[in-house]
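Examination of the molecular architecture
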Amino acid sequence: MIDIRSLVLVVNCGSSSVKFGVFSGTNREPLLSALAENLGQPESRLVVKEKGEKTEMSLDSGSHDVALQKLLGILEQKGWLSSIVAVGHRTVHGGERFSASTLITDEILREMDALSNLAPLHNPANILGIRTAMAALPNVPHAAVFDTAFHTTMPQAAFTYAVPQDCYRNLGVRRYGFHGTSHRFVAAEAIELLGLDPNDHGLVIAHLGNGASATAVLNGKSVDTSMGFTPLEGLVMGTRSGDIDPGALFHIAREDGLTIDELDTLLNRKSGLLGLSGLSNDCRTLENAEKEGHEGAKLALDVFVHRLARYIGGLATSLNRLDAVIFTGGIGENSATMRQRTIERLSVFGLKLDADANGQMFGGRCGVITAKDSKATAAVIATNEEWMISHDTLEAVAASTAA
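The rules behind the values
- Residues numbered from 1 in each chain as written.
- Predicted model: local features only at pLDDT ≥ 70, side-chain atom pairs only at ≥ 80, totals over all residues.
- Heavy atoms only, no water.
- Helix = DSSP H or I, 4+ residues; strand = E, 2+ residues; numbered from the N terminus.
- Buried < 20%, exposed > 50% of the residue type's maximum accessible area, 1.4 Å probe, protein only.
- Phe/Tyr/Trp six-rings, centres within 6.5 Å; stacked < 30°, edge-to-face > 60°.
- Pairing = 2+ DSSP bridges.
- Contact = heavy atoms within 4.5 Å.
- Axes fitted to C-alpha atoms, helices over the stretch in contact; angles between N-to-C directions.
- 1 Å grid on protein atoms, 1.4 Å probe; cavity = no way out; pocket = protein on both sides within 12 Å on 5 of 7 lines; lining within 4 Å.
- Points joined across faces, edges and corners; volume = space filled by probe spheres on them.
- Nonpolar A, V, L, I, M, F, W, Y, C, P; charged D, E, K, R; others polar.
- UniProt positions renumbered as here; feature names shortened; annotations may be inferred.
- Polar contact = N/O pair within 3.5 Å; in protein donor to acceptor, adjacent residues only side chain to side chain.
- Domains from an automatic or database assignment.
- Buried area = accessible area lost by both parts, 1.4 Å probe.
- Salt bridge = Lys/Arg side-chain N within 4 Å of Asp/Glu carboxyl O.

This next bit is on unusual backbone geometry. A positive phi is found at asparagine 38, a non-glycine position, where the angle reads about 55°. On the secondary structure map, asparagine 38 appears in the loop between β3 (32-37) and β4 (45-50). Judged by relative accessible area, which is 32%, asparagine 38 ranks as partly exposed. Unlike most non-glycine residues, serine 61 shows phi in positive territory, near 65°. Residue placement: serine 61 occurs in the loop between β5 (53-58) and α1 (64-78).

What follows is the structure, given as structure tokens:
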């Protein structure tokens with residue numbers, strides 16, 4: 001029985017889109033989810049999903065405030081609006097200031113705003129969503145849940161770049177890591193699924209989607225991760241390059257006359273699987289194209305797997321031992337092919353695939369995909385960042401009430 005008397009609205013605000021979810025208590029499935037996209041454009045729309053049914057409506061070139069008001073109108077029609085007890089906001093960058101989710105006050109919002117220079121593509125949009133939602137729902141608490149918070153436990157040796165330390169002290173240049181909400185959720189789920197000792201285990205979690213990162217988790221805490229100062233570092237992603245020699249960028253800029261902003265666009269929007277394949281940033285499209293003999297698709301997938309396996313191996317050195325490799329995210333949860341290729345590359349760790357089990361893991365299914373005689377375990381665990389934001393929001397509200 002779902003209790004609709006105490007609902008949490010989850011908001012994930014981007015520059016031209018907003019994702020919404022409405023959660024009830026500890027129920028991990030949203031009662032309703034929505035995506036507002038192409039905001040500010042003539043084709044702006046809101047797509048609402050409830051009980052497997054989708055409804056689409058135009059936003060008439062509206063921006064974030066129009067999308068939120070449209071959603072609140074839907075909740076009002078359902079009689080749910082008065083049941084919203086809190087709003088949780090995904091926030092990409094918390095810097096060193098925020099190591100946990102927190103209730104938002106005017107002072108907290110000012111501190112978050114001051115961190116926007118660390119994530120100019122993300123934080124301003126997140127803060128816009130917060131301000132819009134707080135104006136529309138001023139009488140309920142709002143909480144910020146930070147992508148970076150989980151990684152604040154990384155040791156100094158893991159987060160420090162080998163550059164003059166004035167860059168760190170004066171400009172905040174260090175490795176922060178991202179996808180922390182997903183990694184934290186999956187790390188906790190892995191303990192339950194695999195029967196691990198919460199105080200004595202080692203995992204490498206690969207969150208693989210259009211954005212991708214891998215994290216070493218020691219006894220429930222992040223000790224190293226692939227993303228760095230920005231979400232550009234690390235693995236090959238849909239349109240992001242991941243690691244590249246900065247010297248290559250100097251060469252490209254000099255030879256092609258590119259500006260800093262043009263380099264930014266090249267690496268963030270034109271590289272990764274899209275740049276390698278010359279075809280698409282979508283893994284499913286590339287897998288199908290590879291089967292048809294597309295050389296660019298094959299190259300893209302090969303580089304993706306090579307980089308991923310290399311990172312998993314490197315991250316494992318931050319652990320006392322490797323109990324399991326966990327795959328999550330859109331690619332990690334649904335691509336048996338990419339999991340198979342990666343595990344084959346990790347045979348040096350004694351990983352051995354169970355092909356039948358691997359082939360059955362898709363669409364939210366969770367389970368072990370390695371053979372019984374495998375020396376380490378690999379598993380698939382579906383992530384649930386939106387529920388984690390809802391959970392953190394309720395905890396922040398409870399802590400505030402108790403205080």
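So, about the packing of aromatic side chains. Two aromatic rings are characterised by how far apart their centres lie and by the angle between their planes. Under the criterion given, the structure shown has four aromatic pairs. On the basis of an interplanar angle of 10° and a centroid distance of 4.6 Å, the ring pair of phenylalanine 98 and phenylalanine 146 is categorised as stacked. Separated by 48 residues along the polypeptide, phenylalanine 98 in the loop between β6 (84-91) and β7 (102-103) and phenylalanine 146 in strand β8 (residues 142-146) bring together distant segments of the chain. When sorted by exposure, phenylalanine 98 lands in the same class as phenylalanine 146, which is buried. Between tyrosine 176 and phenylalanine 229 the ring centres are 6.1 Å apart and the planes differ by 45°, which places this aromatic pair in the tilted class. Placement of tyrosine 176 in the loop between α5 (166-171) and α6 (180-194) and of phenylalanine 229 in the loop between β11 (221-225) and α7 (246-256) is noted, with a sequence separation of 53 residues between them.

Time to look at the sheet that holds β11. Pairing is mixed in the open sheet, where six strands are placed in the order β11-β10-β9-β12-β14-β13. Lying at the two open borders of the sheet, with one neighbouring strand each, are β11 and β13 (367-368). Across five bridges, the pairing between strand β9 (residues 202-208) and strand β12 (residues 324-328) is parallel. Paired with isoleucine 205 across the bridge in β12 is isoleucine 326. Those strands touched by helix α11 (residues 295-316) are β9, β10 (212-218), β11 and β12, and its axis lies near 155° from that of β9.

Before going further, it helps to examine empty space enclosed by the protein. All chains considered together, the criterion is met by two cavities of 30 Å³ or more. Each pocket or cavity is described by its volume, and for the largest cavity that value is around 50 Å³. Lining of the largest cavity is provided by Val11, Cys13, Val18, Phe20, His64, Leu68, Gly129, Thr132 and Ala133. Contributions of two or more residues to the lining of the largest cavity are made by β1 (7-13), β2 (18-24), α1 and α3 (123-136). It is α3 that provides the largest number of residues to the lining of the largest cavity, a total of three residues. Broken down by class, the residue content of the lining of the largest cavity amounts to six nonpolar, three polar and no charged. As for the second largest cavity, its lining consists of Gly95, Glu96, Thr148, Thr152, Arg174 and Tyr176. Its residues assigned to classes, the lining of the second largest cavity shows one nonpolar, three polar and two charged.

The positions UniProt marks with the feature "site: Transition state stabilizer" (unreviewed entry) are His179 and Arg240. Considering the arrangement of structural elements, one finds histidine 179 in the loop between α5 and α6. Among all residues touching histidine 179, those that are not within four sequence positions of it are Asp147, His151, His207, Gly211, Ala212, Ser213 and Met227. The residue arginine 240 is located in the loop between β11 and α7 in this model. Excluding its chain neighbours within four sequence positions, the residues that come into contact with arginine 240 are Gly211, Met227, Pro231, Leu232, Leu267, Asn268, Ser271 and Gly272. Within polar-contact distance, the side chain of arginine 240 engages the backbone oxygen of proline 231 at 3.1 Å.

As a further point, take the domain arrangement of the protein. Here the domain parsing of the protein yields domain 1 (7-146) and domain 2 (197-385). A C-alpha centroid distance of 28 Å is found between domain 1 and domain 2. Taken together, the contact pairs five residues of domain 1 with four residues of domain 2. Counting each side, the surface lost to burial between domain 1 and domain 2 is near 440 Å², with a carbon and sulfur contribution of 50%. Looking only at domain 1, the three residues that lose the most surface to domain 2 are Leu118, Leu121 and His122, adding up to 61% of its buried area. Inspection of the region where domain 1 meets domain 2 yields zero salt bridges. Between domain 1 and domain 2 we count one residue pair in polar contact (both at pLDDT 80 or more) in total. Here the side of domain 1 that touches domain 2 is built from residues that sort into two nonpolar, two polar and one charged.

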